[in-house]
Amino acid sequence: MSDAQDLLLDMIAALPDPVFVLTESGRYVALLGGHDRQYYHDGSHLVDFTLNDVLPAEKADWFLQEIRTTIHQNRLRIVEYSLAGRDVSGLPTDTGPRGDLWFEGRVQPLANPINGERAVVWVASNITERHDLQGQLQTLSETDELTGVYNRRKLLAELEQNFAKFQRYHTPLALLIFDIDYFKLINDQHGHLFGDQVLRDLAQQCQSQLREPDTLGRFGGEEFALVLPNTELKQALQLAERLRLDCEQMRFASTTNNAAITISIGLSVATKTDRDITDLLRHTDDALYRAKHAGRNCVKYRTPDTGSPPSMDL
Ligand SMILES: Nc1nc2c(ncn2[C@@H]2O[C@H](COP(=O)(O)OP(=O)(O)OP(=O)(O)O)[C@@H](O)[C@H]2O)c(=O)[nH]1
């Protein structure tokens, strides 16, 4: 064998990531490289099988679609996907990485057909660590460190998204902002650390009461907000009143301290006159301000555009 051929074989054997050659109909034509079993399973048995032979139907369809799109667009495409060893039938179970894995696929059309079929080269890089880290960073960037609920940034993003839906599809949207009454006194009487515990317990208690689409976030200090998609004023008022009563009945205790709190709540549903979330936030803040000035421990809401308050059945 010539030196050039030796070098080529050496290079192929040392390719860090597995390189698949796949035809338009989903047949594995070749598999090169990817021999490090810390990152990749041994997929050498796949050659001559099709995606549909070895993958669940939904995954096989996804890969086929990506292959066809790449061939159709005739350019390099980069895709991200999850695939566990258990998804691929016939993979050895005693070697290779465990659990759910994430891959970046670099998919490039081949210039010439193989056995009359168009084909692609698919380089699969295991990016599980990077993907998990990105997930952790995203969670951190969206979470309020003290209470574990969403932070202001994430809450505003949720509000923005739901407000866009309200504007497009007229799905009702309610916003509720609540603020602990006289919280300064809790800190002054029991200390800042106990105040922190009150904030944490309150947030967790509220979180446990919510429906799946509702979003609770800490707006700042002792102020929280709740985004309630698909919620009319009447339902939002019932929830607000229940929340207010729950807080009134909660007891916050540590080994040395014991306290009760109340909250004031401002509530507003999005209306056609709101140009953006700033308008909705302003109306909700106004309602909270009125609740504070009405003596606290109560719910105030923005009067609907119709002018008539909802019939309440709390
Ligand atoms: N323990 C603790 N206290 C906080 C935190 N953030 C804000 N606070 C306190 O919350 C208190 C808010 O005080 P004020 O704005 O005067 O409001 P308030 O005493 O709750 O009175 P009203 O809202 O008018 O009923 C201040 O004492 C802040 O120091 C926090 O993260 N932890």
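Provided above is the structure to which this section pertains.
Below you will find a few notes about this structure. Position labels on residues start from 1 in each chain and follow its written sequence. The predicted origin of the model limits local features to residues at a pLDDT of at least 70 and limits the giving and counting of side-chain atom pairs to 80 or more, whereas totals for whole chains, interfaces and linings rest on all residues. No hydrogens and no water enter the side-chain calculation; it runs on all heavy atoms of the structure.

Remarks on the sheet that holds strand β12 (residues 299-301)
Argument step 1. Pairing within the open sheet is mixed, and its five strands lie in the order β7-β8-β6-β11-β12. Looking along the sheet, the strands with just one partner apiece sit at the ends: β7 (215-220) and β12. Each adjacent strand pair in this sheet contributes to an overall mean axis angle of 20°, direction not counted.
Argument step 2. The sheet contact formed by strand β6 (residues 173-180) and strand β8 (residues 223-229) spans seven bridges and is antiparallel. Residue pairing across strands places Asp-179 opposite Glu-223, the latter belonging to β8. Here, a strand pair is defined by DSSP locating no fewer than two bridges between the strands. Working definition: helices are DSSP H or I runs of at least four residues, strands are E runs of at least two. Numbering for both runs from the N terminus. Angles run from 0 to 180 degrees between N-to-C directions of axes, and those axes are lines fitted to C-alpha atoms, restricted for helices to the stretch in contact.

Regarding the packing of aromatic side chains
Argument step 1. Stacked, tilted and edge-to-face are the three classes applied to pairs of Phe, Tyr and Trp rings, where Trp contributes its six-membered ring and a pair requires centres within 6.5 Å; stacked means planes under 30 degrees apart, edge-to-face means over 60, and tilted covers the rest. The final tally for this structure, using the stated rule, is 12 aromatic pairs.
Argument step 2. Ring geometry for Tyr-81 and Trp-122: centres 5.7 Å apart, planes at 75°, overall edge-to-face. Linking Tyr-81 in strand β3 (residues 77-82) with Trp-122 in strand β5 (residues 119-126), this pair joins segments that are 41 residues apart in sequence.
Argument step 3. Accessibility here uses a 1.4 Å probe with only protein chains present; expressed as a share of the type maximum, an area under 20% marks a residue as buried, one over 50% as exposed, and anything in between as partly exposed. Note on Tyr-81: relative accessible area 6%, which makes it buried.
Argument step 4. Ring pairing ties together the aromatic residues Tyr-39, Tyr-40, Trp-62, Phe-63, Tyr-81, Phe-103 and Trp-122, which thus form one cluster.
Argument step 5. Think of it as a cone above the ring: NZ of Lys or CZ of Arg counts as a charge over the ring if it is within 6 Å of the ring centre and within 35 degrees of the ring normal. Across from the ring centre of Tyr-150, 5.3 Å away, lies the NZ or CZ of Lys-154, which sits over that ring.

Focus on the environment of Gly-195
Argument step 1. Of note, Gly-195 is situated in helix α7 (residues 192-209).
Argument step 2. Distance from Gly-195 to Thr-271, taken between C-alpha atoms, is 36 Å for residues 76 residues apart in sequence.
Argument step 3. Contact definition: two residues touch when any of their heavy atoms are within 4.5 Å. Contact partners of Gly-195, with chain neighbours within four places excluded, come to Phe-183, Ile-186 and Asn-187.

Structural notes on the site of the ligand
Argument step 1. Whether a residue is near a molecule or strand depends on its heavy atoms: if one lies within 4 Å, it is near. Taken together, 17 residues form the shell around the ligand, and within it Tyr-182, Phe-183, Asp-196, Arg-218 and Arg-296 come nearest.
Argument step 2. A 3.5 Å cut-off defines polar contacts: any pair of N or O atoms within that distance qualifies, except that in protein one atom must be a possible hydrogen donor and the other a possible acceptor, and neighbouring residues in sequence count only when both atoms are side-chain atoms. One of the side-chain N or O atoms of Lys-292 is found 2.9 Å from an oxygen atom in the ligand.
Argument step 3. Accessible surface is estimated by sampling points in the Shrake-Rupley manner with a 1.4 Å probe; for residues, cover comes only from the protein chains shown. Here the ligand, which alone exposes 670 Å², has 67% of that area covered by the protein.
Argument step 4. Listed by contribution, the elements that provide at least two residues to the shell around the ligand are β6, α6 (183-190) and α7.
Argument step 5. Among the elements that line the shell around the ligand, the one with the most residues is α7, at four residues.

Everything listed is a geometric property; what it means functionally is a separate question.
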